[in-house]
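# Commentary on secondary and tertiary structure
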Amino acid sequence: MGSKWRKAKLALGMNMCLYVPHQKLEDSLPSSSSSSASSTSIANVASRFSTDAVPLSPVSPSGNDCRPTTPTPSSSGFRVSKSSPKSSKRTCSICLTAMKPGQGHAIFTAECSHSFHFHCITSNVKHGNQICPVCRGKWKEIPFQSPASDLPNGRSRINPADWPRDDAWTTVVRRLPSPRLDPTRQISSLFHTSEPGTFDDDEVLDLQHETTEENVFANDATKNNSIGAIEVKTYPEVSAIPRATCHNNFAILIHLKAPHPSGGRSETMFSPTTQNSRAPVDLVTVLDVSGSMAGTKIALLKRAMGFVIQHLGPSDRLSVIAFSSTARRLFPLRRMTETGRQEALQAVNSLTSNGGTNIAEGLRKAAKVIGDRKWKNPVGSIILLSDGQDTYTVTSPSGAHSRTDYRSLLPEGPCIPVHAFGFGADHDASSMHSISDISGGTFSFIEAEGVIQDAFAQCIGGLLSVVVQEACLKFQCTHPNLVINSIKAGSYRTSMAADAKTGSIDAGDLYAEEERDFLVTVNVPIDESCDEMSLLEVQCIYRDPISKEIVSLEEANEVKIQRPTIIGQTIVSMEVDRQRNRLRAAEAMAEARSAAEHGDLTAAVSLLESCRRALSETISAQAGDRLCIALCAELKEMQDRMANRRVYESSGRAYVLSGLSSHSWQRATARGDSTNSTSLVQAYQTPTMTDMVTRSQTMFFGNPPQRKLRQTQSFPAHPEAR
């Protein structure tokens, strides 16, 4: 037992903060009089401290209040009970608060002799958990609470058998049916309970609060200009072209930057008292609970979800989908009020791991939650996490079995981004990258188990700071003989008129202070009639997510160049050259990935090396530009991860795909140690993301674990020439 206990402590960084009392182990064993207790062993007792059962609810500070409390930020994170196993009869192992008779809370004692608050254990059972959270013994009888309407003060009561049957709360102990074993797979009882045919039971939004938000925003925007307009800048490749010279593929950089959050400080976005300063979110998390997630993985997932739940505000709504061999919605979209948070914590804490991996079914449920909802918050998103290959196929319309067409599994209508997280070395990186790319989300590679919370933190740091929606850039040629040659915008949708005189880029949603860079190339003709030529006129239109109004910048941004008869030495714009390098590196990554997938790792490494050599010869590199240096380092990292087939399969593919996702969407993804403040892999990380990651890294059990990750490099969020 000692060895297992030490491993569990080290895995969760708990070796510095958990008190284990000095007592005989036999004293902590349940009574042998019960049927479950007779089979309890030392290993069963040790499992109380196993990583698969880390509780998410904090300890009440006073120890006298039996009500579950919502965790609050602290340097030590969620606190672990210091009670000995002997005191488990006085402490509920689910909410970790005291159990004392006569305090208005019923106490349920199971056949294995362990006791819990009745409302805690019924919530646990409602979500499919039919084993003891302490000793993991299987119960033959479980507590059951019938559906009920809300009672005054949100309290429940226990009814004697002779009380009226139609009372709002009726308590029974339901006999569990004998399980029918399937030799091919195990499916948790969580997935056997019935679900409504339509997921239109989402919690109603606070419309009064929403109206107030709009009024507050309108007043503040008018009086204080606390949330400014989006910033648009343009940079021509060079400032002058001789009159008698034409210049094809002349590059023009269009730079966007989203406004600051309210008050100009990112941390105010996450304060409960300033929820009005940001757009509320509908978030659906799709979590893999297959057998491979057992142990440390699912414990860390629970803790990461606890962090997410803690940072959602009362206007945000959350729904959780768990999937293994099939999928189950744990609860509908609920507002993360004090009560909503506690129910979400209990539901997540009830998760157990077994079965196969059916990503497709999990996505279907998530799409149904999004599609069937009656009410909609301004921002909607899906987070998908899986550590394995999809072991199931989907029947196509023709009746044949084939690999899943993930596009058909995404919500219909306006695109809801799916931010996918591949966990460990065995996940299906290609499928998860495809899911995220189709939906407009990002793909992150969680290489080390310990950074899952940081990866989630970075993601929600962005989702909780959306200040621009449906941004669209429109540009047109202002010179009669000028035509657009190309529009380079990564994964963002572009369009160009047949006469090549006008074009547009759908830049989508932007987080607070997030930046976008797009290159438009034009063919500049000979023109000896003027000293100055106007090339493009750029406009930006977007929706404000709080006021829901369409905002159009009053003045268009005009791009001009000089047309002298003779010019001296031409100076190329550093901003344009920097973005050319980024696009060139992304193209090389995509080509190398394609070669690797076709089995030619030698060609893949050669492509990356050629690009690295070309970047080193650009004016940005010669000027010591940090972006160019970091891009070269990232290309070198990818070369190392394509050293052989084994390395590529275990980490190279996922690392490259996560990098491609980041560069094509110009949005931060987690890969390697990219969320760590000491890493150079912090491309596109916004201030609100940085703030949320910092919060995550200061909320460990005890001291933060030592992350022995290979240093990987990329370019910083705000590179500057030097």
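Since the structure is predicted, the reported quantities are computational estimates derived from the model, not experimental observations.

### A look at the overall build of the protein chain
Counting secondary structure elements, the protein chain contains 15 helices and 22 strands. Residue burial in the protein chain is summarised as follows: out of 722 residues, 55% are buried. Taking as baseline every contact in the protein chain between residues at least 6 positions apart, the subset at least 24 positions apart corresponds to 74%. Put simply, the protein chain shows about 31,200 Å² of open surface, and 50% of that area lies on carbon and sulfur atoms.

### What to know about the confidence of the model for the protein chain
Looking at the protein chain as a whole, its pLDDT mean stands at 76, while 66% of the residues score no less than 70. When the criterion is pLDDT under 50, residues 208–226 qualifies, and its contacts beyond four places in sequence or with other chains add up to 22 contacts. The model gives residues 394–402 a pLDDT under 50, and that stretch makes eleven contacts with residues more than four places away or in other chains.

### Topic: the packing of helix H5 (residues 296–311) against helix H6 (residues 338–349)
For the pair H5 and H6, the least separation of the axes is 10 Å and the interaxial angle reads 170°. Considering their axes alone, H5 and H6 lie roughly antiparallel with respect to each other. Contacts between H5 and H6 involve Lys302, Met305, Gly306, Ile309 and Gln310 on the former and, on the latter, Arg341, Ala344, Leu345, Val348 and Asn349. Taken together, the residues that form the contact of H5 with H6 break down as five nonpolar, three polar and two charged.

### Considering the sheet that holds strand E10 (residues 379–386)
The strand order across the open sheet formed by six strands is E9-E8-E7-E10-E13-E14, and the pairing between neighbours is mixed. The strands lining the two open edges of the sheet, one partner per strand, are strand E9 (327–335) and strand E14 (443–446). Neighbour-to-neighbour, the strand axes of this sheet turn through a mean angle of 15°, independent of strand direction. Judged from the seven bridges that link them, strand E7 (residues 281–288) and E10 form a sheet pairing that is parallel. Within the sheet, the bridge partner assigned to Val281 lies in E10 and is Val379. Those strands touched by helix H7 (residues 359–372) are E7, strand E8 (317–323), E9, E10 and strand E13 (418–423), and its axis lies near 155° from that of E8. The strands touched by helix H8 (residues 429–439) are E10, E13 and E14; relative to E13, the strand with the most contacts, the crossing angle is about 165°.

Reading guide: rules and limits
Residues numbered from 1 in each chain as written. Predicted model: local features only at pLDDT ≥ 70, side-chain atom pairs only at ≥ 80, totals over all residues. Heavy atoms only, no water. Helix = DSSP H or I, 4+ residues; strand = E, 2+ residues; numbered from the N terminus. Buried < 20%, exposed > 50% of the residue type's maximum accessible area, 1.4 Å probe, protein only. Contact = heavy atoms within 4.5 Å. Areas by Shrake-Rupley, 256 points an atom, 1.4 Å probe, with all protein chains shown as cover. pLDDT = per-residue confidence, 0-100. Axes fitted to C-alpha atoms, helices over the stretch in contact; angles between N-to-C directions. Parallel < 35°, antiparallel > 145°, perpendicular 65-115°, else oblique. Nonpolar A, V, L, I, M, F, W, Y, C, P; charged D, E, K, R; others polar. Pairing = 2+ DSSP bridges.

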